[in-house]
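Structural overview for review
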Amino acid sequence: QVQLVESGGGLVQPGGSLRLSCAASGSFFRVADMGWYRQAPGKQRELVASITSGGRTGYADSVKGRFSVSRDNAKNTVYLQMNSLAPEDTTVYYCKADVWRALTGPRADYWGQGTQVTVSS
C-alpha cells in the first residue's frame, strides 16, 4: 500500500508565501517523477510543477518565477515553495507520484488527498 500525505496548506494574504509538502510512504522500490497539480471548482486539474528523480523541473507559465519545486529523495518527499501568492492561486493542491514497486515495475501514479490554499486579505 502506498500513501501520499500532504501538508502545508492554509490561508495567506496576497503577496505571502506557503510551503507545501508531500511524503510518500508504504512498500515500494522507488519514486520517480513527482509533481503538484491544482484544481479549481468546475475546472480540470492542471499541472503546476513537476520534478524528476534527477531534479529536472518544469512549471506552468502562470507560476514561473513565483513557485519552486524541490524534493528529498531520501525522504520520498516533494515540496512546493509558493511565493508572491495571488487570489487566483486559491484552490486545492494535489501531489502526484510515479511509484515503482520493483526495479522493472509495475508502476502506478498515486495522488495525495489534496490541501486547500486560500489567498485572501
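What you are looking at is a predicted structure, and each value in this text was computed from that prediction instead of being measured. (Residues numbered from 1 in each chain as written. Predicted model: local features only at pLDDT ≥ 70, side-chain atom pairs only at ≥ 80, totals over all residues. Heavy atoms only, no water.)

1. Overview of the overall build of the protein chain
For clarity, the cut-off: Helical segments are the DSSP runs of H or I of at least four residues, strand segments are the runs of E of at least two, and each set is numbered from the N terminus. It is over C-alpha atoms that the radius of gyration is taken, and the globule rule equals 2.2 Å times the number of residues to the power 0.38. Three exposure classes are used, based on accessible area relative to the maximum for each residue type with a 1.4 Å probe and protein chains only: buried under 20%, partly exposed in between, and exposed over 50%. Pairs of residues are marked as contacts when any of their non-hydrogen atoms sit within 4.5 Å. To be clear on the numbers: accessible area is Shrake-Rupley with a 1.4 Å probe, and residue cover counts the displayed protein chains and nothing else. A positive count includes Lys and Arg, and a negative count includes Asp and Glu. His and the chain ends are not counted in either. For the purpose of locating charges, the reference atoms are NZ of Lys, CZ of Arg, CG of Asp and CD of Glu.
Along the protein chain, the regular secondary structure elements total zero helices and 11 strands. Each helix (α) and strand (β) of the protein chain, taken in turn from the N terminus, gives the series β-β-β-β-β-β-β-β-β-β-β. Against the globule reference of 14 Å for 121 residues, the protein chain gives a C-alpha radius of gyration of 14 Å, in line with a compact fold. Seen through its principal axes, the protein chain has C-alpha atoms that stretch 50 × 25 × 25 Å. Across the 121 residues that make up the protein chain, the buried fraction comes to 41%. Long-range pairs, those at least 24 residues apart, make up 55% of the contacts in the protein chain with a sequence separation of at least 6. By element, 47% of the accessible surface of the protein chain is carried by carbon and sulfur atoms, the whole surface being about 6400 Å². The distance from the centre of the 13 positive side-chain charges to the centre of the 9 negative ones in the protein chain is 4 Å.

2. Some thoughts on the nonpolar core
In a soluble, globular protein the nonpolar side chains are often hidden away together inside. Formally: The set of buried Ala, Val, Leu, Ile, Met, Phe, Trp, Tyr and Cys residues whose side-chain atoms join them within 4.5 Å is what this entry labels a nonpolar core.
In this structure, Trp-36, Val-48, Phe-67, Val-78, Leu-80, Met-82 and Tyr-93 are the most contacted members of the largest nonpolar core, which totals 27 residues. Secondary-structure elements contributing two or more residues to this core are β1 (2–7), β3 (18–26), β4 (30–39), β5 (46–51), β7 (67–72), β8 (77–82), β9 (91–100) and β11 (115–119).

3. Things to note about the environment of Gly-65
Checked against the element boundaries, Gly-65 lands in the loop between β6 (57–59) and β7. Gly-65 gets classed as exposed once you look at its relative accessible area, which sits at 86%. Along the chain, Gly-65 and Ser-84 lie 19 residues apart, while their C-alpha atoms are 9.2 Å from each other.

4. A few points about the pattern of salt bridges
What counts here: We count a salt bridge whenever a side-chain nitrogen from Lys or Arg sits within 4 Å of a carboxyl oxygen from Asp or Glu.
Here the structure, examined in full by the defined rule, presents seven salt bridges. Between Lys-96 and Asp-109 there is a salt bridge, with its nearest N and O atoms 3.8 Å apart. Pair noted here: Lys-96 is in strand β9 and Asp-109 is in strand β10 (residues 107–111), with a separation of 13 residues, a long-range link. Between Arg-107 and Asp-109 there is a salt bridge, with the nearest N and O atoms lying 3.0 Å from each other. Overall, the relative accessible area of 40% leaves Arg-107 in the partly exposed class.

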